[in-house]
Amino acid sequence: MTTENLLLELGTEELPPKALRKLAQALHDDFVKHLNQAGLKFSSAQWYATPRRLALIIKDLETKQADREIEIKGPAVKAAFDANGNPTKAAIGWATANGITVDQADRLKTDKGEWLYIKSVKHGSDTAALIPQMFKEALSSLPIPKLMHWGDKKEEFVRPVHTLCMLFGNKLIEGNILGVSSSKTIKGHRFMGQQTLTVDSADSYLSQLKDEGAVIADYDERKASIRSQVEKLASSINGVADLDDALLEEVTSLVENPHVFLASFEDRFLKVPSEALVYTMKGDQKYFPIYDGQGKLLPKFAFVSNINPSDTTALISGNERVVRPRLSDAEFFFNTDRKQSLESFFPRLETIVYQKDIGTIAYRSEIVGKLAAYIASLINADPQLCERAAHLAKCDLATTLVTEFTDTQGIMGMHYAELDGEDQNVAEAIFEQYLPRFAGDKIPTQPVQIAVSLAEKLTTLIGIFGINLLPKGDKDPYGLRRAAIGLIRIVIENKLDFDLVDVINKGCELLKDKFKADNTGKNVADYIFGRLKAYYQDQNIGGEIFAAVLSTHPTNLLDFDKRIKAVVKFKELPEATDLASAYKRVANILSKNEKHDGEIMTNLLKEDAEIKLVDHLNHLLPVIDELYNHGDYERALTTLAELKEDVDGFFEHVMVNVEDPQVKANRIAILQKLNAVFSKTADISVLY
């Protein structure tokens, strides 16, 4: 089978930068799926993307589908012929549709009867004939939330389309997609190189685009170039650049041929907390801030340009001129805020409604403070500092700087509290109330900060559940999922030992006047434990392990985590499968018999196997109980595994349902004790 390299490129107006990688990857995945469905083999597939193009190169793609032998089953023989043996309309219709006569059909005999049947060869199509429809379907499947149309065209896409190039080797594949006909002519860089060029072949596409069109089509090559250039410039001034990956991705999607330059701003702006300056540099201007070796912001930044003039003076000064007003705004807002203390902004919170059924942000801050003080008593934190931090926690929402630069909330509150001379733990708690902000983010690790962050998250969960505004589908406007996962991480990773349900009930008591829903406390607890399953799935811990522990209804997250880890280890033991099976058998027998309230009577033990099991069980029980009391579930389960041989012997040699009622009751008592000791950590019967 012969092969050729395939090039597909769609040329557009500037594509959404934050979605460029996602669009290119989705196009690749969907087109490859179409190739596989068509049975077309190839050696590799790679996507390319710039602000003005989406492209694919498929290496060593077969030029024709392979012929395939297909089997076509027709009507049953009893339905294919009438009583006189003549073909029925059903048989004639089927045969005609497949290009044969009824008498040319074979017979297929199975256990279920006999059918008319033929084997046929389906000849493969030329690949070039299939490509346009595949590409069209792949483009139509892109995850585009909002389509647009342009000019007088009816076609819709994420941005206006100008060129289409489909080359198989060096031959043009004819076709029309999104109102544009396929051509070898594509667009180069807007300002450098040739603005239009003719592609010779799929093999020459990348080199021609770079050499003639001054466009680097490889997304990761552009990204690596930007990273390298920024790092080199930062190093030239003994600095370290903030190469935030999200910003790096966005800038990569904004340029076709990146060139990085160093620019400056006035030292006086450094009196403003650096986060506000960084926020506007990164968020508004897409600049890379630079820090010194101690992490202090320098009055320098790197910016990426899509052009590279011989004289860079105007380009650099232009970017400095653009950023200066935004830095001046931050400076003005900061100086305005500092004319009063952070606490002086609290009265404004009494006019800002958090949620109409719950009340103002000021009221909510009061609840967070009380709950934080309660949590403080459980984790050895200072209750007064916790209440103080909660009181100040939302004050920065009313400041002018945070109103303008919303992403600095918490950060500016922390800085303002420090400048006001507040306790350092209070200041840090104002920022850390929001931690973790995203997956993998750091969490609070100090008592005051932990208490305030937990109280913040629980107040959100309890309040929103209490007024029946539960998240639906992917809609979660109050961030309940994030709050629950954050709470779980803070408790487990800090090894906090307290009853979560008790804390939830305390929160419910504080907010009960606002409730519209019944069973709010239970619903919140169930929701958090539901999120706990996802937390463990992210650690590749199976749902069966989670279910085994959940069956024991722990209300302490740290205790739950210890049980999970113990069951994970237990499942690795060679005895685990047999013990789980035995436990399931114990549970089945007990479910069919009345409970026996008495102790095991040694004088009623008749068989050697039951005597041996009871002796071993009595010997291990004190050890296991001691391990359970100390929360050492892993060693407890490992110790239980020692019973495997005796449990196997019991079920092999001892009949439970015997005629003697006393002996039967005694054996039920043995199984009850086994059941009790096995189920203390988890229901191991669900593990397999």
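Structural notes on the overall build of the protein chain
Across its full length, the protein chain holds 26 helices and 18 strands. For 688 residues, the compact-globule formula gives about 26 Å, and the C-alpha radius of gyration of the protein chain, at 35 Å, lies well above that figure. With respect to the three principal axes, the spread of C-alpha positions in the protein chain is 105 × 100 × 50 Å. Split into buried and exposed, the 688 residues of the protein chain put 50% on the buried side. Within the protein chain, contacts between residues at least 6 apart in sequence are counted, and of these 68% link residues at least 24 apart.

Some words on empty space enclosed by the protein
Counted by the stated rule, this structure contains one cavity of 30 Å³ or more. Within this model, the largest cavity holds a volume of roughly 40 Å³. Lining of the largest cavity is provided by Ile361, Arg364, Ser365, Val368, Ala390, Ala393, Lys394, Gln433 and Glu456. It is helix H11 (residues 361-379) that contributes the most residues to the lining of the largest cavity, four residues altogether. Each residue belonging to the lining of the largest cavity can be placed in one class, and the counts come to four nonpolar, two polar and three charged.

Here's the deal with the packing of aromatic side chains
Applying the stated criterion across every chain, the model contains 20 aromatic pairs. Pairing Phe31 with Phe135 gives two aromatic rings, centres 6.3 Å apart and planes at 90 degrees, and the pair type is edge-to-face. Within this pair, whereas Phe31 is found in helix H1 (residues 20-37), its partner Phe135 is found in helix H4 (residues 127-140), the two being separated by 104 residues in sequence. A single burial state applies to Phe31 and to Phe135, both of which are buried. Positioned above the aromatic ring of Trp115, the side-chain terminus of Lys73 is 3.9 Å from the ring centre. Positioned above the aromatic ring of Tyr354, the side-chain terminus of Arg364 is 4.7 Å from the ring centre.

Structural notes on the sheet that holds strand S13 (residues 240-241)
Across the sheet, which stays open at both edges, the four strands sit in the order S13-S15-S16-S14 with antiparallel pairing between neighbours. Each of the sheet's edge strands pairs with one partner strand only, and the pair in question is S13 and strand S14 (259-264). Bridge count between S14 and strand S16 (residues 297-305): six bridges; the pairing is antiparallel. Counted as the bridge partner of Ser264 is Lys300 from S16.

Remarks on the layout of surface pockets
A water-sized probe rolled over the atoms picks out the places where empty space is left. Roughly 1,500 Å³ of internal volume is contained in the largest pocket. Elements supplying a minimum of two residues to the lining of the largest pocket: H1, helix H7 (245-252), helix H8 (274-284), H11, helix H14 (411-419), helix H16 (447-466) and helix H17 (480-493). If one sorts the elements of the lining of the largest pocket by residue count, H8 sits on top with five residues. In terms of residue class, the lining of the largest pocket is built from 20 nonpolar, seven polar and 17 charged.

Let's talk about the pairing of strand S7 (residues 161-168)
Burial analysis of S7 places seven of its eight residues in the buried class, the great majority of the element. Looking at chain direction, strand S1 (residues 3-12) and S7 are connected through seven bridges and run antiparallel. Pairing of Glu9 across the sheet is with Cys165, part of S7. For S7 and strand S8 (residues 171-172), the ladder comprises two bridges, and the chain directions are antiparallel. Following the sheet pairing, Phe168 is matched in S8 by Lys171.

Remarks on the nonpolar core
If you look at the biggest cluster of nonpolar residues, it comprises 143 residues, and the most contacted ones within it are Met281, Ile528 and Leu532. Considering each element in turn, this core owes the most residues, eleven residues, to H16. Met281 has contacts with Phe265, Lys286, Tyr287, Pro289, Leu297, Phe301, Val323 and Leu327, leaving out every residue within four places of it along the chain. Leu6, Phe168, Leu178 and Val180 belong to the second largest nonpolar core, which has 37 residues in total.

So, the packing of helix H20 (residues 543-550) against helix H21 (residues 557-571)
One can describe the packing of H20 onto H21 by two numbers: an axis separation of 9 Å at closest approach and a directional angle of 125 degrees. Between H20 and H21, the angle falls in the class oblique. In this structure, H20 crosses over H21, and the sense of that crossing is right-handed. On H21, the residues touching Glu544, Ile545, Phe546, Val549 and Leu550 of H20 are Phe560, Arg563, Ile564, Val567, Val568 and Lys571. Class assignment for the residues of the contact of H20 with H21 results in eight nonpolar, no polar and three charged.

Some thoughts on the sheet that holds strand S3 (residues 53-62)
The five strands lie next to each other as S2-S3-S1-S7-S8, forming an open sheet whose pairing is antiparallel. Across the chains shown, the open sheet's two edge strands, defined by having one partner strand only, are strand S2 (44-50) and S8. H4 contacts S1, S3 and S7 of the sheet and is inclined by roughly 145 degrees relative to S7.

Description of the pattern of salt bridges
Under the criterion given, the structure shown has 43 salt bridges. Where Glu266 meets Arg324, a salt bridge forms, and the shortest distance between an N and an O atom there is 2.8 Å. With Glu266 in the loop between S14 and H8 and Arg324 in helix H9 (residues 313-337), this pair connects stretches of sequence that are 58 residues apart. The exposure class assigned to Arg324 is partly exposed, which follows from its relative accessible area of 30%. Note that Arg388 is salt-bridged to Glu343, the shortest N-O span being 3.0 Å.

Observations regarding unusual backbone geometry
Leu435 connects to Pro436 through a cis peptide bond whose omega is -10 degrees. Position of Pro436 relative to the elements: it lies in the loop between helix H15 (424-432) and H16. The backbone phi angle of Lys495 is positive, close to 55 degrees, even though this residue is not glycine. Of note, Lys495 is situated in the loop between H17 and helix H18 (500-511).

Reading guide: rules and limits
- Residues numbered from 1 in each chain as written.
- Predicted model: local features only at pLDDT ≥ 70, side-chain atom pairs only at ≥ 80, totals over all residues.
- Heavy atoms only, no water.
- Helix = DSSP H or I, 4+ residues; strand = E, 2+ residues; numbered from the N terminus.
- Rg over C-alpha atoms; globule rule 2.2 N^0.38 Å.
- Buried < 20%, exposed > 50% of the residue type's maximum accessible area, 1.4 Å probe, protein only.
- Contact = heavy atoms within 4.5 Å.
- 1 Å grid on protein atoms, 1.4 Å probe; cavity = no way out; pocket = protein on both sides within 12 Å on 5 of 7 lines; lining within 4 Å.
- Points joined across faces, edges and corners; volume = space filled by probe spheres on them.
- Nonpolar A, V, L, I, M, F, W, Y, C, P; charged D, E, K, R; others polar.
- Phe/Tyr/Trp six-rings, centres within 6.5 Å; stacked < 30°, edge-to-face > 60°.
- Lys NZ or Arg CZ within 6 Å of the ring centre and 35° of its normal.
- Pairing = 2+ DSSP bridges.
- Core = buried A, V, L, I, M, F, W, Y, C linked by side-chain atoms within 4.5 Å.
- Axes fitted to C-alpha atoms, helices over the stretch in contact; angles between N-to-C directions.
- Parallel < 35°, antiparallel > 145°, perpendicular 65-115°, else oblique.
- Left-handed = near helix turned anticlockwise from the far one by under 90°.
- Salt bridge = Lys/Arg side-chain N within 4 Å of Asp/Glu carboxyl O.

These results come straight from atomic positions and should not be treated as a statement about function.
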